[in-house]
Amino acid sequence: MSTLTGKKILLGITGSIAAYKAAHLCRLLIKAGAEVKVVMTESATAFITPLTLSTLSDNEVHTSVISEGTWNNHVELGIWADIMIVAPCTATTLGKMVNGIADNAVIACYLSAKAKVLIAPAMDLDMWKHPSTKRNVESLKSYGNTIIPVGHGFLASGLIGDGRMAEPEEIVTFTSDILNQQRDLVGKSVLITAGPTFESIDPVRFIGNRSTGKQGVAIAFECAKRGGEVTLVLGPSALTINHPAIKVVKVESAAQMYEASKAAFEQADLIILSAAVADYKSTVIA
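A brief structural summary. What you see is a predicted model; the values in this text were computed from it and never measured. (Residues numbered from 1 in each chain as written. Predicted model: local features only at pLDDT ≥ 70, side-chain atom pairs only at ≥ 80, totals over all residues. Heavy atoms only, no water.)

Overview of the overall build of the protein
Threshold: Strands are runs of DSSP state E lasting at least two residues, helices are runs of H or I lasting at least four, and both sets are numbered from the N terminus onward. Three labels apply to residues, based on accessible area from a 1.4 Å probe with only protein chains included: buried if under 20% of the type maximum, exposed if over 50%, partly exposed otherwise in between. Pairs of residues are marked as contacts when any of their non-hydrogen atoms sit within 4.5 Å. To be clear on the numbers: accessible area is Shrake-Rupley with a 1.4 Å probe, and residue cover counts the displayed protein chains and nothing else. Think of it this way: Lys and Arg go in the positive column, Asp and Glu in the negative one, and His and the chain ends go nowhere. For this purpose, a charge sits on NZ of Lys, CZ of Arg, CG of Asp or CD of Glu.
In terms of helices and strands, the protein carries ten helices and 15 strands. Each principal axis of the C-alpha atoms in the protein carries an extent, and together these give about 80 × 35 × 30 Å. Looking at the protein residue by residue over its 286 residues, the buried ones come to 47%. Put simply, of all contacts in the protein between residues at least 6 apart along the chain, 72% involve residues at least 24 apart. Looking at the protein as shown, the accessible area adds up to about 14,200 Å², and 54% of this sits on carbon and sulfur atoms. Looking at charge distribution, the protein has the averaged site of its 25 positive side-chain charges lying 4 Å from that of its 26 negative ones.

Right, here's the structure in full:
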């Protein structure tokens, strides 16, 4: 994990069940060397208390533009930050950010922010796939914001699919990459192939090679650090890839690698073919 030493981060938390992860995220940001200040919507306080976040961040947490007869200077917070992270960001908050509806402290700070804004959406599968959500995401991107890709897995509804907030470790990595790395691939789609292919002889034996996929994976991480959205078509490999900007498509044979690469080819701005494709395959599989 890259350092965030000396960086000032404004963390906005909204009313999603994923808000409980914000405590871990706050702690990881501080461990990486950042100073963190937190703003929350009122609904977020139903999932995690301001006391928890103020204790972890060692800063006062604001849940309203006005509290106890005092105006909380959201403009000052927006100017103070080197980067603002909204995590989790609900479907409601996405819509308010797009339309500038500043009815809570998070949106008020967002509209005042001078720095880069990272948004980590969190919602149910159908909400994430709804046309209005897709439109809002594209609008926020067009404003210059960065959307941290959602995860795939179990959701609060019991469904399995896309819509999970990226894990705190992924958000910290993403934040560090944004603040510390060259960003010459922002908005670019990158297709990378890596690793070996295994060509079956029978259910047990195969023709392959000793490629580990390390080179292609390293290239994928570098492209992601530079802002690219990476599709990594990866043959059999023991490597673990954990980056929100890298979509891994696992394959086994050369034919599968070809089809996966073909599917991503038309959308790719940059293509790097680093896989060690097997030289031979069996004509008959017993």
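Alright, that's what it looks like, and here's the rest.
What to know about the sheet that holds strand E13 (residues 229-234)
In plain terms, the rule: Any two strands between which DSSP finds at least two bridges are classified as paired. In this analysis an axis means a line fitted to C-alpha atoms, helices contributing only their contacting stretch, and an angle means the value between N-to-C directions, from 0 to 180 degrees.
Strand order in this open sheet of four strands is E14-E13-E10-E15, and the pairing throughout is parallel. The sheet is open, and its two edges are formed by strand E14 (246-250) and strand E15 (270-273), each paired on a single side. Ignoring which end each strand starts from, the neighbouring axes of this sheet average 15 degrees apart. Two strands pair when backbone bridges link them, and strand E10 (residues 189-194) and E15 are joined in this way by four bridges, in the parallel orientation. Looking at E15, one finds that Ile 192 is bridged to Ile 272. Packing of helix H10 (residues 254-265) onto the sheet brings it into contact with E10, E13, E14 and E15, and relative to E10 it is tilted by some 170 degrees.

Some thoughts on the nonpolar core
Just so we agree on the cut-off: Among the buried residues, those of types Ala, Val, Leu, Ile, Met, Phe, Trp, Tyr and Cys that are joined through side-chain atoms within 4.5 Å form a nonpolar core.
In this structure, Leu 11, Ile 13, Ile 171 and Leu 232 are the most contacted members of the largest nonpolar core, which totals 48 residues. If sequence neighbours within four positions are ignored, Leu 11 has contacts with Ala 22, Leu 25, Cys 26, Val 36, Lys 37, Val 38, Val 39, Ile 85 and Ala 87. Of all hydrophobic cores here, the second largest spans 23 residues; its members include Val 86, Cys 89, Val 98 and Met 123.

Some points on helix H4 (residues 91-99)
Because the α-helix completes a turn every 3.6 residues, residues three or four places apart line up on one side. Taken together, the buried positions of H4 are occupied by Thr 93, Leu 94, Gly 95, Lys 96, Met 97 and Val 98. Residues of H4 that are buried make contact with strand E5 (83-89), helix H5 (105-112), strand E6 (116-121) and helix H7 (131-142).

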